[in-house]
2 protein chains.
Amino acid sequence: MNGSIVLSGGLILADPSNAEVAPHGITIVSGNRLSAVNVPAEFHPPGARVIDCTGCLVMPGLVNGHIHAAMSLMRGLADDLPLDRWLNDYMFPVEANHAGPEFVFLGTELSAIEMALNGVTTYADGYFHMEHAAAAAIEVGLRAIVAQGVLDVPTPNAPVADSWETRVETFLSAFPDDSLVSPALFCHSAYLCAPETLRRTRAICRERGMLLFTHVAETSREVEEMRSRYNVGPVEHLKNLDLLGPNLVAVHAVHVSKADIDILADTGTGVVHCPESNMKLASGAAPITEFLCRGVPVGIGTDGPASNNNLDLFEEMRSASFMAKLVTGNPEALDAAAVVRMATLDGARVLGMDHAIGSLEPGKLADVVVVDLKRPHLTPVYDPVSHLVYAARGSDVRDVIVNGVQVVENGRITTVDEQDVMRRAVAIAREIASTSGETTGT
Amino acid sequence: MNGSIVLSGGLILADPSNAEVAPHGITIVSGNRLSAVNVPAEFHPPGARVIDCTGCLVMPGLVNGHIHAAMSLMRGLADDLPLDRWLNDYMFPVEANHAGPEFVFLGTELSAIEMALNGVTTYADGYFHMEHAAAAAIEVGLRAIVAQGVLDVPTPNAPVADSWETRVETFLSAFPDDSLVSPALFCHSAYLCAPETLRRTRAICRERGMLLFTHVAETSREVEEMRSRYNVGPVEHLKNLDLLGPNLVAVHAVHVSKADIDILADTGTGVVHCPESNMKLASGAAPITEFLCRGVPVGIGTDGPASNNNLDLFEEMRSASFMAKLVTGNPEALDAAAVVRMATLDGARVLGMDHAIGSLEPGKLADVVVVDLKRPHLTPVYDPVSHLVYAARGSDVRDVIVNGVQVVENGRITTVDEQDVMRRAVAIAREIASTSGETTGT
């Protein structure tokens, strides 16, 4: 186990469910857990390492509810394109040629470094060769739910159609034994997975106590396609297959009807909202304020770095609030406190982890972020929660502790050689560019 | 004059009108102008100071077309509120009690520091006591168009109604004689300035060769109000008063009809788009793609830091593109190249300064920004212009040169004591909080 760490001074946002910020006494990390939160300095254990948080805000680590982490290696390869051309002309061909185990490990490592630097302590990933993605999360030291992609069509790690189940077996047997990472499955969507595939993955997930993720109602085209195939939209289709519930994570949920929202609420299905991806790909605006009214749990995700194109969850919080205000015409919609909750405790709830992370409480896992408020763009401070959503950015994160280990210290990653990862990423990008006709700048 | 500076290596985006990025030879700053742009290393003048830009992108400084800079001192004081409550319950009372010359100087200094650190080299400001705002711009070393606010109602610097003209005279006579700053006038809006006020400010501006700014069609309520008062919307009203043309800058232009767009295009009136402010206040989405189709010049602005709440123009570029894609339903709308142009050369054009700034050309003023691409979230680089809009943020700016002077070096401001400005801002915020019932966190 690790030695004790004491965070002292500054301000603390311990419980995002009430968004109250208080002057910070000390918070004690013992091993991988919080043993005391905001207690007087006299509780300081002898010999503990001290992180001085004067002028900073101490808060729970951010939860990125949806990412395809390895796609960082295709970041900026193809923008300003319709989804089908982006996928068919760029993403799929590059993945077919390049997305092997090394690509997945390296791309995930690069994304995990970026997320750590931006205050994300837990993320939910979905892609291919995912036992390698799990290894990368462990190497960087982030907490992750690592979901193996399931599609009926050929994929980079299951090149024969309908061979996904064999790939899932490989994934599960090779999955690293480490408390930082948990396995899960990710059915791409109900339009790329047949009903039998969805039923079978559900059964595997239930048997193993794993989460099942799927993209749902991302575009209006998808909804039309589903209706023409099954006479119902994707939410109702998933309900008919008995997939909905707290163990299913519905990603996007943009084009949903009132009846769909009721279904999600009644089944306790959680949603991950990806506002920047939905805007950039012109998919539309998910009805987040209605989800919250109906009690649907909602987290926030960046989506993959090839469709966003960064992994800054502060910016994503801001975009979530801005988009909700714009589409509802109401400047009070999705206020700062609600968005911070989505990016921490509510996101943890969607991933079934709110008993362990998402707030700073004695006994919870020690996932802590220190945001430096002593910056011109965060001066003065009237309301720190407002600053988190409307003014801060990931580069204001100074220190990050995950599972009791300080993975970011004074804005630098401590666990891996960032420069080496970037060098290897540039080398792979050169290969990709040479085969896809694009040119790399550096 | 200043000694020569040579920027060498990396990539260069010299001319945003074609968005071509090339490997960078050297660029030479002589005095306050560019004497050579992207020439071979053999042109290196002896004795010049060298800035090594390896792994960076060298580009023209960003142009922030609209800000109320001094309002940084009210940043985050009141968010998630309707515009009228925000103004009447928070902004106006605080301004009435606090917004004196010292407040304006200090708040502008704080904003100018933030803008410099984020790669803004020119900005257009509008507020009160503006000769003091001009002094702050000079102190920090940014280029600014500094517009004295004009309203019929009492203001912090003209507490008697209809006394604006006396205040304008004071402003013009006290305006500092420095090539970095140019005076202008800012009629708040056609609903807070009577037709006679608008006509008279227009006359003063024409006589002195100054720009005239005004908020136009920011909210649907404003348009209704104008219609009920004048039977026409704000754009037509301004046209009827002969205010439109290249010397008028129309800020916001959210709620405009096709006929209004034609009027703006036909008169050559420039628009400043403030996407984040328009989203945050739920004002609506300006029809930017239609403006561009019709040839209306469009720049980008952050709006004041009390309504945005940061001054990161990279983020503002991203939001401009995202909002356009969302409201048009077209992922190809307002692509990265178009947005970079808006934030540089087109913004300069709206301010009548494109002959002097907005691109890197020999003979133009030396306003140059160096963006560090060697960061995890900007790795790899397939398309640097895409990165500027979809992945970068202001904190990636490493060096900034304005008028031949390096005001930011390796992410630190060189011209003023940033810590001291922040300390003084916190002190004023404490006073504001104590009188407005809010509490300051730090």
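Residues numbered from 1 in each chain as written. Chains lettered and ligands numbered in written order. Predicted model: local features only at pLDDT ≥ 70, side-chain atom pairs only at ≥ 80, totals over all residues.

*Asks:* Would you mind going over the overall build of chain A with me for this structure?
*Replies:* Each helix and strand counted, chain A has 15 helices and 19 strands in total. At 21 Å, chain A has a C-alpha radius of gyration in line with the 22 Å of a compact globule built from 442 residues. Seen through its principal axes, chain A has C-alpha atoms that stretch 65 × 45 × 45 Å. Sequence-distant contacts in chain A: of pairs separated by 6 or more residues, those separated by 24 or more amount to 72%. (Helix = DSSP H or I, 4+ residues; strand = E, 2+ residues; numbered from the N terminus. Rg over C-alpha atoms; globule rule 2.2 N^0.38 Å. Contact = placed C-beta atoms within 7 Å.)

*Asks:* Explain the relation of the copies chain B and chain A to me, please; I cannot follow it from the model alone.
*Replies:* The two chain copies are connected by a rotation around an axis plus a translation along it. The transform that puts chain B on chain A rotates by 180° and translates by 0.0 Å along the axis, for an RMSD of 0.0 Å. What the superposition gives is, in effect, a two-fold axis relating one chain to the other. Measuring from the rotation axis to each C-alpha of chain B, the shortest distance belongs to B:S395, at 3.5 Å. Same-surface contact between copies: 100% of interface residues of chain B are shared with the interface of chain A. (Least-squares fit on C-alpha atoms with pLDDT ≥ 70 in both.)

*Asks:* Explain the interface of chain B and chain A here, please?
*Replies:* Size of an interface, as often reported, equals the accessible area lost when the parts are brought together. On the chain A side, the residues contacting the 62 residues of chain B number 62 residues. Within the residue set of the side of chain B that touches chain A, elements represented by two or more residues are α2 (101-117), α9 (275-280), α11 (313-328), α14 (384-390) and α15 (418-436) of chain B. Considering every element that reaches the side of chain B that touches chain A, the biggest residue donor is α15(B), with 6 residues. Within the side of chain B that touches chain A, the residues separate by chemical class into 32 nonpolar, 15 polar and 15 charged. (Nonpolar A, V, L, I, M, F, W, Y, C, P; charged D, E, K, R; others polar.)

*Asks:* What exactly am I supposed to notice about the domain arrangement of chain A here?
*Replies:* All names here are of chain A. Taken domain by domain, chain A consists of domain 1 (5-60 + 358-410) and domain 2 (62-350). Across the contact, 23 residues belong to domain 1 and 29 residues belong to domain 2. Secondary structure elements with two or more residues in the side of domain 1 that touches domain 2: α14 (384-390), β17 (397-402) and β18 (405-409). At 5 residues, the largest contribution of residues to the side of domain 1 that touches domain 2 is made by α14. Across the side of domain 1 that touches domain 2, the residue classes break down as 15 nonpolar, 6 polar and 2 charged. (Domains from an automatic or database assignment.)

*Asks:* Even after reading the chapter, I still don't get the sheet that holds strand β12 (residues 212-216) of chain A, so can you show me in this structure?
*Replies:* Adjacent strands of a sheet pair through backbone hydrogen bonds, lying either parallel or antiparallel. All names here are of chain A. The 8 strands lie next to each other as β8-β9-β10-β11-β12-β13-β14-β15, forming an open sheet whose pairing is parallel. Each end of this open sheet is capped by a strand with a single partner; those strands are β8 (62-67) and β15 (298-300). The sheet shows a mean angle of 25° between the axes of neighbouring strands, taken without regard to direction. Pairing of strand β9 (residues 120-127) with strand β10 (residues 143-150) involves 6 bridges; the strand directions are parallel. Looking at β10, one finds that D125 is bridged to V146. Strands β10, β11 (181-189) and β12 of the sheet are contacted by helix α5 (residues 195-208), whose axis makes an angle of about 170° with β11. (Pairing = 2+ DSSP bridges. Axes fitted to C-alpha atoms, helices over the stretch in contact; angles between N-to-C directions.)

*Asks:* Just checking my understanding: could you explain α2(B) for this structure?
*Replies:* The periodicity of an α-helix, 3.6 residues per turn, causes residues three or four places apart in sequence to face the same way. Look at α2(B): 24 Å from first C-alpha to last across 17 residues, which is about the 24 Å you get at 1.5 Å a residue. Burial analysis of α2(B) places 15 of its 17 residues in the buried class, the great majority of the element. (Expected span 1.5 Å × (residues − 1). Buried ≥ 20, exposed ≤ 12 C-beta atoms within 10 Å, placed from the backbone.)

*Asks:* Could you clarify how one ought to interpret helix α8 (residues 258-267) of chain A in this entry?
*Replies:* Residues and elements named next belong to chain A. Listed as buried for α8 are D260, I261 and L264. Down the axis of α8, the smallest arc covering the buried residues is 100°, so these residues share one side. In this structure, α8 carries K258 and A259 as exposed residues pointing more than 90 degrees from its buried face. Each element contacted by the buried residues of α8 is listed here: α7 (234-240), β13 (248-252), β14 (270-273) and α10 (288-293). Directly after α8, the chain includes G268, whose backbone phi takes a positive value near 70°. (Arc of directions from axis to C-beta.)

*Asks:* Hey, could you run me through the packing of α2(B) against helix α3 (residues 130-140) of chain B in this one?
*Replies:* The packing of two helices is summarised by the inter-axis angle and the distance between the axes. Residues and elements named next belong to chain B. Interhelical geometry of α2 versus α3 gives an angle of 35° and a closest axis separation of 8 Å. The crossing of α2 and α3 is right-handed. Taken together, the residues of α3 that come into contact with α2 (itself represented by P101, V104, F105, T108, E109, A112, I113 and A116) are H132, A133, A135, A136, A137, E139 and V140. Partitioned by chemical class, the residues of the contact of α2 with α3 number 11 nonpolar, 2 polar and 2 charged. (Left-handed = near helix turned anticlockwise from the far one by under 90°.)

*Asks:* Sorry, what's going on with the sheet that holds strand β5 (residues 33-39) of chain B here?
*Replies:* All names here are of chain B. Pairing within the open sheet is mixed, and its 4 strands lie in the order β5-β4-β1-β6. Only two strands of the sheet have a single neighbouring strand rather than two, namely β5 and β6 (49-52). Taking each pair of neighbouring strands and ignoring which way they run, the sheet shows an average axis angle of 15°. Where strand β1 (residues 5-8) meets strand β4 (residues 26-30), 4 bridges bridge the pair, whose relative direction is antiparallel. Across the sheet, the residue bridging to V6 is I28, located in β4.

*Asks:* Mind showing me how you'd approach the pairing of strand β7 (residues 56-60) of chain A here?
*Replies:* Every other side chain in a regular strand lies on the same face of the sheet, so the side chains alternate between the two faces. Residues and elements named next belong to chain A. Of all the 5 residues making up β7, 5 are buried; the element is thus mostly covered by neighbouring parts of the structure. Looking at chain direction, β7 and strand β16 (residues 368-372) are connected through 5 bridges and run antiparallel. Across the sheet, P60 pairs through a bridge with V368, a residue of β16.

*Asks:* I would appreciate a short explanation of the nonpolar core in the present structure.
*Replies:* Nonpolar side chains in soluble globular proteins tend to end up buried together. Counting 322 residues, the largest nonpolar core has A:A116, A:A137, B:A116 and B:A137 as the members making the most contacts within it. Those residues in contact with A:A137 that sit more than four places away from it in its chain are A:T108, A:A112, A:L142, A:A144, A:V146, A:L180 and A:V181. (Core = buried A, V, L, I, M, F, W, Y, C linked by C-beta atoms within 7 Å.)

*Asks:* Help me understand the environment of A:H24, please; the structure alone is not making it clear to me.
*Replies:* Residue and element names in this part refer to chain A. Turning to its location among the elements, H24 is positioned in the loop between β3 (21-23) and β4 (26-30). Of the residues examined, H24 has 21 C-beta atoms within 10 Å and is grouped as buried. Separated by 17 residues in sequence, H24 and L7 have C-alpha atoms that sit 8.8 Å apart. Apart from residues lying up to four places away in sequence, H24 is in contact with G9, G10, L11, I12, N38, C53 and V58.

*Asks:* Would you mind showing me how to read unusual backbone geometry here?
*Replies:* Glycine aside, residues mostly have negative phi, and peptide bonds are mostly found in the trans state. Of the consecutive residues B:N308 and B:N309, the connecting peptide bond is found in the cis state with omega at 10°. Within the secondary structure, B:N309 is located in the loop between β15 (298-300) and α11. Following B:T379, the chain continues to B:P380 via a peptide bond in cis, the omega torsion being -10°. Relative to the assigned elements, B:P380 resides in the loop between β16 (368-372) and α14. If you check the backbone angles, A:A253 has positive phi at about 50° while not being a glycine. Inspection of the secondary structure assignment puts A:A253 in the loop between β13 and α8. Using a count of 28 C-beta atoms within 10 Å as the deciding quantity, one classes A:A253 as buried.

*Asks:* Sorry if this is basic, but what is going on with the environment of B:L172 here?
*Replies:* By the secondary structure assignment, B:L172 is in helix α4 (residues 164-174). Along the chain, B:L172 and B:Q148 lie 24 residues apart, while their C-alpha atoms are 9.0 Å from each other.

*Asks:* What exactly am I supposed to notice about the confidence of the model for chain A here?
*Replies:* Keep in mind that low pLDDT regions are not for reading the predicted coordinates in detail. All names here are of chain A. When pLDDT is averaged along chain A, the result is 96, and 98% of the positions lie at 70 or above. Considering only residues more than four positions removed or in separate chains, one finds that residues 438-442, a stretch of pLDDT under 50, has 18 contacts. Here the predicted complex scores 0.97 on pTM and 0.96 on ipTM. (pLDDT = per-residue confidence, 0-100.)

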